[in-house]
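One-letter residues, chain by chain:
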Amino acid sequence: RLRGSILHLCRRVSTGEVVMEAGKRAAARYAVDTYVKGNQALGIGSGSTIVYAVERIAERVKDEKLHLLCVPSSFQAQQLITQHNLTLSDLDRTPELDVAIDGADDVDSNLSAIKGGGGCLTQEKIVASCAKQFIIIADDRKDSKQLGEAFKKGIPVEVIPMAYVPVMKKIEKLGLKPILRMARAKAGPVVTDNSNFIIDCQFDKVYDWKELNTQLNLIPGVVETGLFVGMAECAIFGKPDGTITKR
Ligand code: 5RP
């Protein structure tokens, strides 16, 4: 078993995955240390980078006795909050948040972002929209000049299951290439926390992202898109050596 684990680790090192964990961790810790203060309501994003942020929040709550309420953006985020003994809240009780911190799949030079690689985009966008400050954290592979450089799957769009075929046809008419996201081993479509499907919309040119987001959201059956335009206060990118850049 040990040999298996070492081989697995080596494979991850050879793909650069382990190295990128240092970047994710650095970005997450910087964000928490810079933007989180006591007596705040926080939005907690989803994905692998947010795990480091929640770890740091938990350390600070313990060491500095901070009083914080945490609102999750997914089932994963809810689990993280409870596993770290943080105070779980929701948007019914806490509709206004001070800071939301979340990962991203691709961020361009205007801070437009693609999110939803993990399929949590709708709740992530709702939570981010309720925050005074929305902070993106990521490793520096996500730092792009143009959207599409870092994330090749396209723009994730959450759809009501009964509408996925007509929605795909309408997305095609907008010039995008829609692909229904399938679970591993093609065991059926990926199902979101909201019991919906995800359509990944590939593109081959630069759009007016705000306008494209509007066009996609106008299609009946679309719940939300993974285009986050004009929402982020800043993006923090971590490098493998543990340093960060902030935009
Ligand atoms: C999930 C998301 C994630 O925040 C995004 O995919 C980034 O994930 P990671 O931190 O694992 O790179 O949008 O829907």
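About the criteria used
- Residues numbered from 1 in each chain as written.
- Predicted model: local features only at pLDDT ≥ 70, side-chain atom pairs only at ≥ 80, totals over all residues.
- Heavy atoms only, no water.
- Helix = DSSP H or I, 4+ residues; strand = E, 2+ residues; numbered from the N terminus.
- Buried < 20%, exposed > 50% of the residue type's maximum accessible area, 1.4 Å probe, protein only.
- Pairing = 2+ DSSP bridges.
- Near = heavy atom within 4 Å.
- Polar contact = N/O pair within 3.5 Å; in protein donor to acceptor, adjacent residues only side chain to side chain.
- Areas by Shrake-Rupley, 256 points an atom, 1.4 Å probe, with all protein chains shown as cover.
- 1 Å grid on protein atoms, 1.4 Å probe; cavity = no way out; pocket = protein on both sides within 12 Å on 5 of 7 lines; lining within 4 Å.
- Sits in = over half its atoms within 2 Å of the grid points.
- Nonpolar A, V, L, I, M, F, W, Y, C, P; charged D, E, K, R; others polar.

Q: Could you give an account of unusual backbone geometry, naming the residues involved and the relevant values?
A: Look at Lys65: it is not a glycine, yet its phi comes out positive at around 50 degrees. Positionally, Lys65 belongs in the loop between α3 (49-64) and β2 (68-72). Lys65 gets classed as exposed once you look at its relative accessible area, which sits at 70%. Phi at Ser195 takes a positive value of approximately 65 degrees, unusual for a residue other than glycine.

Q: Outline the pairing of strand β13 (residues 234-238), supporting the account with residue identities and numerical values.
A: Burial runs high along β13: five of the five residues are buried. Neither face of β13 is open: one carries Cys234, Ile236 and Gly238, the other Ala235 and Phe237, and all of them are buried. Across five bridges, the pairing between strand β7 (residues 131-139) and β13 is parallel. Looking across to β13, one finds that Ile137 is bridged to Ile236. Relative to strand β14 (residues 244-246), β13 is paired through three bridges, and the arrangement is antiparallel. What sits directly across from Phe237, in β14, is Thr245. Between β13 and β14, which pair antiparallel one after the other, the connecting turn spans five residues, and Gly242 there sits at a positive phi close to 90 degrees.

Q: Now, about the site of the ligand: what can you tell me, with residues and values included?
A: Around the ligand, the structure places 16 residues, and the nearest of them are Ser46, Ser48, Thr49, Asp105 and Lys142. Note that an oxygen atom of the ligand is positioned 2.7 Å from one of the side-chain N or O atoms of Asp105. Here an oxygen atom of the ligand and a side-chain polar atom of Lys115 are 2.9 Å apart. When the ligand is considered free in solution it has 380 Å² of accessible area, and contact with the protein chains removes 90% of it. Taken atom by atom, the bulk of the ligand overlaps the largest pocket. Here the shell around the ligand is composed, by residue class, of two nonpolar, nine polar and five charged.

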